[in-house]
Amino acid sequence: MKSVSVLLAVLTCLVTSCSAGITSKRATSLTAKIGTTVTQPQTIIVTSKDNVVKLILPNDWQDIWTEADQEKWSLLVGDRADHTQIGLRSISKVDYPNITPETHAQAALIAAKAPFADAEMIEEGESITVNGHRAVRYQVKGTLSGQPLVALSLSVETPDYYHGIFVISSEQNFAQQQDELNQIIQSLQET
């Protein structure tokens, strides 16, 4: 039971460390043989600080992890132009043998609601797959410091780990970013 409390505390801390800034968007153009120009976004690969996972990001996203984040996130990336962040924390099943898929998913639910006093569930516990692995996804909207936000919180189970993924975005930008966010989440790979 103590390890479940530790997990809940870790995921709750994950939620409280979100911040936003500004950056620019870029893309690369390629000329096709028929003379038309096709714009193709460049991608970057970001590996977690614990070297457990990596994500493939569009180049307008960046690694925003700092030393101050090390207790909360093993990977923290953001698209500052759209005020969106993705945080990830991996938990080894060997280190925490008492954590079950259900308790990790419950912690994801708590993390989804945590930033908001007025949390409104949009999606509760949808079973999905993330890059072939079993996952549970929660989506919540609410306000934080007067800003309407949307949070996604996922519990992803692989043979050796539980990965907690937390996404926070402005409500205004979330709908137009959904495909991009899904692509980033689906790019999750263990190293």
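The following refers to the structure shown. Every value quoted in this text rests on a predicted model; they were computed, and no experiment measured them. (Residues numbered from 1 in each chain as written. Predicted model: local features only at pLDDT ≥ 70, side-chain atom pairs only at ≥ 80, totals over all residues. Heavy atoms only, no water.)

**As for the pairing of strand 3 (residues 43-47)**
Bridge count for strand 3 against strand 4 (residues 53-58) is five bridges, and the pairing is antiparallel. Paired with Ile 45 across the two strands is Ile 56, which belongs to strand 4. Where strand 3 folds back on strand 4, the antiparallel hairpin that results is connected by five residues, among which Asn 51 adopts a positive phi of roughly 60 degrees. (Pairing = 2+ DSSP bridges. Helix = DSSP H or I, 4+ residues; strand = E, 2+ residues; numbered from the N terminus.)

**Things to note about the nonpolar core**
Core analysis: the largest hydrophobic core is formed by 24 residues, its most contacted members being Ile 86, Val 130, Leu 154, Ile 165 and Leu 188. Of all elements in the fold, only strand 4, strand 6 (75-79), strand 7 (84-92), strand 8 (120-130), strand 10 (147-157), strand 11 (161-170) and helix 3 (171-186) reach the threshold of two or more residues within this core. Residues Trp 65, Trp 73, Ala 105 and Val 136 belong to the second largest nonpolar core, which totals 16 residues. (Core = buried A, V, L, I, M, F, W, Y, C linked by side-chain atoms within 4.5 Å. Buried < 20%, exposed > 50% of the residue type's maximum accessible area, 1.4 Å probe, protein only.)

**Things to note about the sheet that holds strand 6**
Overall, antiparallel pairing links the seven strands, which are arranged 5-6-7-11-10-9-8 in an open sheet. Each of the sheet's edge strands pairs with one partner strand only, and the pair in question is strand 5 (62-63) and strand 8. Both strand 10 and strand 11 contribute to a ladder of nine bridges, which runs antiparallel. Within strand 11, the position partnered with Leu 154 by the bridge is Ile 165. Taken strand by strand, helix 2 (residues 101-113) contacts strand 7, strand 8, strand 9 (133-144), strand 10 and strand 11, and its axis lies near 170 degrees from that of strand 10. (Contact = heavy atoms within 4.5 Å. Axes fitted to C-alpha atoms, helices over the stretch in contact; angles between N-to-C directions.)

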